[in-house]
Amino acid sequence: EDQVTQSPEALRLQEGESSSLNCSYTVSGLRGLFWYRQDPGKGPEFLFTLYSAGEEKEKERLKATLTKKESFLHITAPKPEDSATYLCAVQAAGYSTLTFGKGTMLLVSP
Amino acid sequence: NAGVMQNPRHLVRRRGQEARLRCSPMKGHSHVYWYRQLPEEGLKFMVYLQKENIIDESGMPKERFSAEFPKEGPSILRIQQVVRGDSAAYFCASSPGASETQYFGPGTRLLVL
């Protein structure tokens, strides 16, 4: 059974204080690992897809990396508008459905 | 280009009533997925449909739940005889093809009294 574990469950940062969110996974053949952002009362918003170990993707203050067992979402000099829950999901080879972790709730204080 | 549309955004039902949740995928997307998010839980897959076909319903309870995606019109998730435990946020996602990036709608928040 595919499993995704995200840590920490919650993270509080000061504006400008860089940090990383972790996503550990077990999957029977990884097709893709996905990062989404979810604001309260809204649906998940797609951020990145990573397909193979060593791959990195960047968008503004966010950078996602992937190894064979985990992914990191690095947040550089965060701003209050980066406050959200960040979700990690895996898609197994040959399947279309996503298995999600419970998310990391990030709060960035000014 | 409109994103995934879901309606209603909020739905209140009494125990034993039926709930119908609708999802219109993004333009050009023919694959639809339904997920459920319970309080303090992650998103859980329920069902995956393509036009007129159910591809994978392994995450959907066998009783009271059904889904369809007709040739014309939105995908519908139907919950019969709702119980309090059905209270959750239900999200629909769509993709242009199988195994491609899924884009989510705003969700329907179901409250069962």
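Refer to the structure above for everything that follows.
This one's a predicted model, so the numbers in the text were calculated from it and none came from an experiment.

**A look at the overall build of chain A**
Right, on to step 1. When its secondary structure is counted, chain A shows zero helices and eleven strands.
Right, on to step 2. For chain A, the succession of helices and strands along the chain, N to C, is β-β-β-β-β-β-β-β-β-β-β.
Right, on to step 3. Here the C-alpha atoms of chain A give a radius of gyration of 13 Å, agreeing with the 13 Å that 2.2 N^0.38 yields for 110 residues.
Right, on to step 4. For chain A, the spread of C-alpha atoms along the three principal axes comes to 45 × 30 × 20 Å.
Right, on to step 5. Across the 110 residues that make up chain A, the buried fraction comes to 46%.
Right, on to step 6. A fraction of 55% describes how many contacts in chain A between residues 6 or more apart in sequence connect residues 24 or more apart.
Right, on to step 7. Here chain A has roughly 5400 Å² of accessible surface; of this, 49% comes from carbon and sulfur atoms.
Right, on to step 8. Averaging the coordinates of the 12 positive side-chain charges in chain A and doing the same for the 14 negative ones gives two points 2 Å apart.

**Some remarks on the interface of chain A and chain B**
Where interface size is given, it is often the accessible area lost as the parts come together that is meant.
Right, on to step 1. Facing the 19 residues of chain A at the interface are 21 residues of chain B.
Right, on to step 2. At the boundary of chain A with chain B, total buried surface from both sides reaches about 1500 Å², with 53% on carbon and sulfur atoms.
Right, on to step 3. One can count zero salt bridges joining chain A with chain B.
Right, on to step 4. Taken together, chain A and chain B are joined by eight residue pairs in polar contact (both at pLDDT 80 or more).
Right, on to step 5. Broken down by element, the side of chain A that touches chain B gets its largest block of residues, four residues, from strand β4 (residues 30–38) of chain A.
Right, on to step 6. For the side of chain A that touches chain B, the per-class residue count stands at eight nonpolar, eight polar and three charged.

**Section: the sheet that holds strand β3 (residues 19–24) of chain B**
Residues and elements named next belong to chain B.
Right, on to step 1. Read across the open sheet, the four strands follow the order β1-β3-β8-β7; overall the sheet is antiparallel. The open sheet has two free edges, formed respectively by β1 (5–7) and β7 (65–68), since each of these has just one partner strand. Direction aside, neighbouring strands of the sheet carry axes that sit 15° apart on average.
Right, on to step 2. As paired elements, β7 and strand β8 (residues 75–79) share four bridges and run antiparallel to each other. In the sheet register, Glu68 faces β8, and the bridge partner there is Ile76.

**Digging into the side chain of Asn22 of chain A**
Residue and element names in this part refer to chain A.
Right, on to step 1. Mapped onto the elements of the fold, Asn22 is located in strand β3 (residues 19–26).
Right, on to step 2. Note on Asn22: relative accessible area 12%, which makes it buried.
Right, on to step 3. Among the polar contacts listed, one links the side chain of Asn22 to the side chain of Glu70, at a separation of 2.9 Å.
Right, on to step 4. Beyond its immediate sequence surroundings of up to four residues, Asn22 is in contact with Thr5, Gln6, Ser7, Glu70, Ser71 and Phe72.

Rules of the game
Each residue is numbered by its place in its chain's sequence as written, counting from 1. The lettering of chains begins at A and the numbering of ligands begins at 1, in the order of writing. Residue-level local features of this predicted model are given only where pLDDT is at least 70; pairs of side-chain atoms are given and counted only at 80 or more, and the full residue set underlies all totals for whole chains, interfaces and linings. Processing note: side-chain calculations cover all non-hydrogen atoms of the structure and skip hydrogens and water entirely. The way it works is that DSSP assigns letters per residue, a run of H or I at least four long becomes a helix, a run of E at least two long becomes a strand, and they are numbered from the N terminus. Within these notes, the globule rule equals 2.2 Å times the number of residues to the 0.38 power, and the radius of gyration is based on C-alpha atoms. Each residue is assigned to one of three classes by its accessible area relative to the maximum for its type, calculated with a 1.4 Å probe on protein chains only: buried under 20%, partly exposed between the two thresholds, exposed over 50%. By definition in these notes, contact holds between two residues if any of their heavy atoms fall within 4.5 Å. Here the open area of atoms and residues is found with the Shrake-Rupley method and a 1.4 Å probe, where only the protein chains shown may cover a residue. When charges are tallied, Lys and Arg are placed among the positive residues and Asp and Glu among the negative ones, while His and the ends of the chain are skipped. To locate a charge, take atom NZ for lysine, CZ for arginine, CG for aspartate or CD for glutamate. Buried area adds together the accessible area that both of two parts lose upon being put together, with accessible area traced by a 1.4 Å probe. Every case where a carboxyl oxygen of Asp or Glu lies within 4 Å of a side-chain nitrogen of Lys or Arg is listed as a salt bridge. Any N or O atom pair separated by 3.5 Å or less is treated as a polar contact, with the protein-specific requirement of one donor-capable and one acceptor-capable atom, and with residues adjacent in sequence counted only for side-chain atom pairs. Ten residue types, Ala, Val, Leu, Ile, Met, Phe, Trp, Tyr, Cys and Pro, are classed as nonpolar, four, Asp, Glu, Lys and Arg, as charged, and the remainder, Gly among them, as polar. The rule for pairing is simple: two strands pair if DSSP sees at least two bridges between them. Here the axes come from fitting lines to C-alpha atoms, over the contacting stretch only for helices, and the angles between their N-to-C directions go from 0 to 180 degrees.

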